[in-house]
Amino acid sequence: MSFWDVPGIKAGVVTGDVAWALLQHAKTNGYAIPAFNCTSSSTINSVLEAGAKLNRPVMIQFSEGGAAFMAGKSLPNDKGKLQASILGAVAGAHLVRAVAPAYGIPVLVHSDHCAKKLLPWFDGMLEADEAFFKAHGEPLFSSHMLDLSEEPDEENIEICKKYLTRMAPMKCILEMEIGITGGVEDGVDNSGAAKEKLYSTPEDVFAVYEGLSPISPMFTIAAAFGNVHGVYKAGNVVLKPELLQEMQDYAKSKTGKDRPLNFVFHGGSGSEKHHIATALAAGVVKMNVDTDTQWAYWEGLLKFYKAKEGYLQGQIGNPEGADKPNKSYYDPRKWIRECEVSMVARVQESCNDLRNVNP
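Source: prediction; values computed, not measured.

For this particular structure, what's the right way to read the overall build of the protein?
A tally of helices and strands in the protein yields 12 helices and 13 strands. A compact globule built from 359 residues should have a C-alpha radius of gyration of about 21 Å, and the protein, at 21 Å, falls within 12% of that. Principal-axis analysis of the C-alpha atoms gives the protein an extent of 75 × 50 × 45 Å. Within the protein, the fraction of its 359 residues that count as buried is 54%. At a minimum sequence separation of 6, the contacts of the protein that also span at least 24 residues come to 70%. Accessible surface computed for the protein: about 15200 Å², of which carbon and sulfur atoms make up 55%. Within the protein, the 43 negative side-chain charges are centred at a point lying 4 Å from the centre of the 35 positive side-chain charges.

So, in structure tokens, the structure goes:
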């Protein structure tokens with residue numbers, strides 16, 4: 001069964017039952033949907049272009065800092081209000097909704113890590129969801145992530161329960177994190193986290209399932225199995241994706257259901273292919289990619305500059321003559337497009353890694 005056979009699937013942003021059914025299709029068929037952090041219309045277009053080339057679904061997500069950048073770095077973004085982050089995420093979601101249908105693929109729109117101190121951002125996005133739901137019968141976003149992994153597990157689960165209760169009537173999907181993803185991401189530094197926090201236990205994860213499943217089935221769990229944000233040399237991080245299967249087995253022993261958990265793989269950049277394959281087999285339905293696509297975007301500019309350096313030293317004068325104009329080289333559309341082409345290729349690579357490709 002193709003993902004195009006999922007009931008209600010369409011080109012453009014999908015939410016609710018359709019978005020959840022798409023994630024379940026991924027789980028059943030052994031692939032995951034990659035989620036790419038975007039900070040501009042250019043990076044959004046790059047993800048959509050790659051998805052269109054493969055004719056496969058993709059996920060676009062905004063971090064709190066990325067959302068503020070989307071709105072404009074000069075705008076106020078006061079602590080406790082985070083008005084620019086709210087504005088940027090909402091504007092980004094509307095932009096994706098406007099252009100995604102033209103690319104001919106299903107797209108999920110997601111917000112990334114929201115720590116406790118960033119809850120005003122989460123509240124603002126939910127208000128936008130509720131307003132959109134009132135007008136259109138679906139939330140603006142497909143899903144949101146709460147990352148309360150720095151809090152005690154009991155508090156983490158209780159806050160997630162409160163928000164899932166608010167999201168459930170809109171059939172908006174909640175992603176939560178139990179255990180800590182190491183490294184540094186969007187200004188959150190977990191590089192000094194205790195090693196035991198980098199590995200969730202089956203009991204930790206099942207406590208999440210017990211707390212959230214009575215409210216709604218539409219939640220995913222970013223369980224920690226040694227994940228680290230950023231890129232790293234192979235062998236420097238001890239990933240144990242086999243722990244995810246142990247979590248599934250434990251949950252099955254408690255519920256009688258086969259693979260009842262839906263996992264998210266954080267810190268996917270730089271991961272070895274066999275670790276990804278193990279995670280997919282254990283029920284990972286989404287993997288985050290940011291660092292690798294950041295580098296790819298930059299590398300497009302780097303290669304362009306090196307190739308055209310003689311044409312980029314001034315507005316007039318290049319290897320063809322002292323009076324020759326260079327506008328066609330420094331026009332932002334020229335070099336930004338080179339960034340996009342490079343990022344498109346890296347997005348396609350991530351889709352291949354996650355088996356999000358057509359036979």
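Would you take a moment to explain empty space enclosed by the protein for this structure?
Taking a probe equal in size to a water molecule and rolling it over the atoms shows the remaining empty space. As enumerated under the stated definition, the model contains 3 cavities of 30 Å³ or more in all. There is about 60 Å³ of room inside the second largest cavity. Considering the residues around the second largest cavity, the lining is formed by Leu23, Met59, His110, Ser143, Ile173, Glu175, Thr220, Val264, Val285 and Lys286. At the level of elements, β6 (173-178) and β11 (284-289) are the ones that each hand at least two residues to the lining of the second largest cavity.

In this structure, what is going on with the packing of aromatic side chains? I would like to understand it.
Where two aromatic rings form a pair, the distance of their centres and the angle of their planes describe that pair. Counted by the stated rule, this structure contains 7 aromatic pairs. Residues Phe3 and Trp4 carry aromatic rings whose centres are separated by 5.0 Å and whose planes lie at 35° to one another, so their mutual orientation is tilted. Owing to a relative accessible area of 32%, Trp4 belongs among the partly exposed residues under this scheme. A ring pair is formed by Tyr209 and Phe219, whose centres lie 6.2 Å apart and whose planes are at 55°; its orientation type is tilted. Of this pair, Tyr209 sits in helix α7 (residues 202-212) while Phe219 sits in strand β9 (residues 219-223); the two residues are 10 residues apart in sequence, bridging distant segments of the chain. For the pair Tyr209 and Phe219, a shared accessibility class is recorded, and that class is buried. Put simply, the rings of Phe206, Tyr209, Phe219 and Tyr250 pair up and form one aromatic cluster.

Please clarify how the environment of Lys327 should be interpreted in this entry.
Tracing the sequence through the fold places Lys327 in helix α11 (residues 327-330). Sequence separation between Lys327 and Trp295 is 32 residues, and the spatial gap between their C-alpha atoms is 26 Å.

Explanation requested: the pairing of strand β4 (residues 106-111) in the structure shown.
Of all the 6 residues making up β4, 6 are buried; the element is thus mostly covered by neighbouring parts of the structure. Alternating positions in β4 separate into two faces, Pro106, Leu108 and His110 on one and Val107, Val109 and Ser111 on the other, with burial throughout. For strand β1 (residues 12-13) and β4, the ladder comprises 2 bridges, and the chain directions are parallel. Bridge assignment links Val13 to a residue of β4, and that residue is Val107.

I would appreciate a short explanation of the pattern of salt bridges in the present structure.
When their charged atoms lie close together, side chains carrying opposite charge are able to pair. Evaluation of the coordinates by the stated rule reveals 15 salt bridges. The salt bridge involving Glu138 is made with Arg97; its shortest N-O contact spans 3.2 Å. Linking Glu138 in the loop between α5 (119-136) and β5 (143-146) with Arg97 in helix α4 (residues 83-103), this pair joins segments that are 41 residues apart in sequence. Overall, the relative accessible area of 16% leaves Arg97 in the buried class. In this structure, Asp331 engages Arg333 in a salt bridge whose closest nitrogen and oxygen atoms are separated by 2.7 Å. The exposure class assigned to Asp331 is buried, which follows from its relative accessible area of 14%.

What should I look at first to understand the environment of Leu174 in this one?
One can find Leu174 in strand β6. Owing to a relative accessible area of 0%, Leu174 belongs among the buried residues under this scheme. Through-space distance from the C-alpha of Leu174 to that of Cys160 is 8.2 Å; in sequence the pair is 14 residues apart. Apart from residues no more than four positions distant in its own chain, Leu174 is found in contact with Phe122, His144, Leu146, Cys160, Leu164, Met167, Leu212, Met218, Phe219 and Thr220.

Hey, could you run me through the side chain of Lys27 in this one?
With respect to the secondary-structure elements, Lys27 resides in helix α1 (residues 16-29). It turns out Lys27 is buried and unbridged, and the closest side chain with the opposite charge, Asp258, is 8.0 Å from it. Apart from the residues lying within four places of it in its own chain, the contact partners of Lys27 are Gln248, Arg259, Pro260, Leu261, Asn262, Gly283 and Val285.

Is there a simple way to think about the environment of Ile44 in this case?
Counting through the fold element by element, Ile44 comes out in helix α2 (residues 41-54). In sequence terms Ile44 and Leu75 are 31 residues apart; their C-alpha atoms lie 21 Å from each other. Here Ile44 is in contact with Cys38, Ile60, Phe62, Met70, Gly92, Leu95 and Val96, once residues within four sequence places are set aside.

How should the confidence of the model for the protein be read in this particular structure?
A low pLDDT means the predicted coordinates there should not be read in detail. Of the residues in the protein, 92% reach a pLDDT of 70 or more, and the chain-wide mean stands at 93. Segment residues 189-194 is flagged for pLDDT under 50; beyond a separation of four residues in sequence, or across chains, it makes 10 contacts in the model.

I tried to follow unusual backbone geometry on my own but got confused; where do I start?
Most peptide bonds are trans, and most residues other than glycine sit at a negative phi. Phi at Arg259 is positive, roughly 45°, even though this residue is not glycine. Structurally, the position occupied by Arg259 is in the loop between α8 (242-255) and β10 (263-265).

The rules behind each value
- Residues numbered from 1 in each chain as written.
- Predicted model: local features only at pLDDT ≥ 70, side-chain atom pairs only at ≥ 80, totals over all residues.
- Heavy atoms only, no water.
- Helix = DSSP H or I, 4+ residues; strand = E, 2+ residues; numbered from the N terminus.
- Rg over C-alpha atoms; globule rule 2.2 N^0.38 Å.
- Buried < 20%, exposed > 50% of the residue type's maximum accessible area, 1.4 Å probe, protein only.
- Contact = heavy atoms within 4.5 Å.
- Areas by Shrake-Rupley, 256 points an atom, 1.4 Å probe, with all protein chains shown as cover.
- Lys, Arg positive; Asp, Glu negative; His and termini not counted.
- Charge placed at Lys NZ, Arg CZ, Asp CG, Glu CD.
- 1 Å grid on protein atoms, 1.4 Å probe; cavity = no way out; pocket = protein on both sides within 12 Å on 5 of 7 lines; lining within 4 Å.
- Points joined across faces, edges and corners; volume = space filled by probe spheres on them.
- Phe/Tyr/Trp six-rings, centres within 6.5 Å; stacked < 30°, edge-to-face > 60°.
- Pairing = 2+ DSSP bridges.
- Salt bridge = Lys/Arg side-chain N within 4 Å of Asp/Glu carboxyl O.
- pLDDT = per-residue confidence, 0-100.

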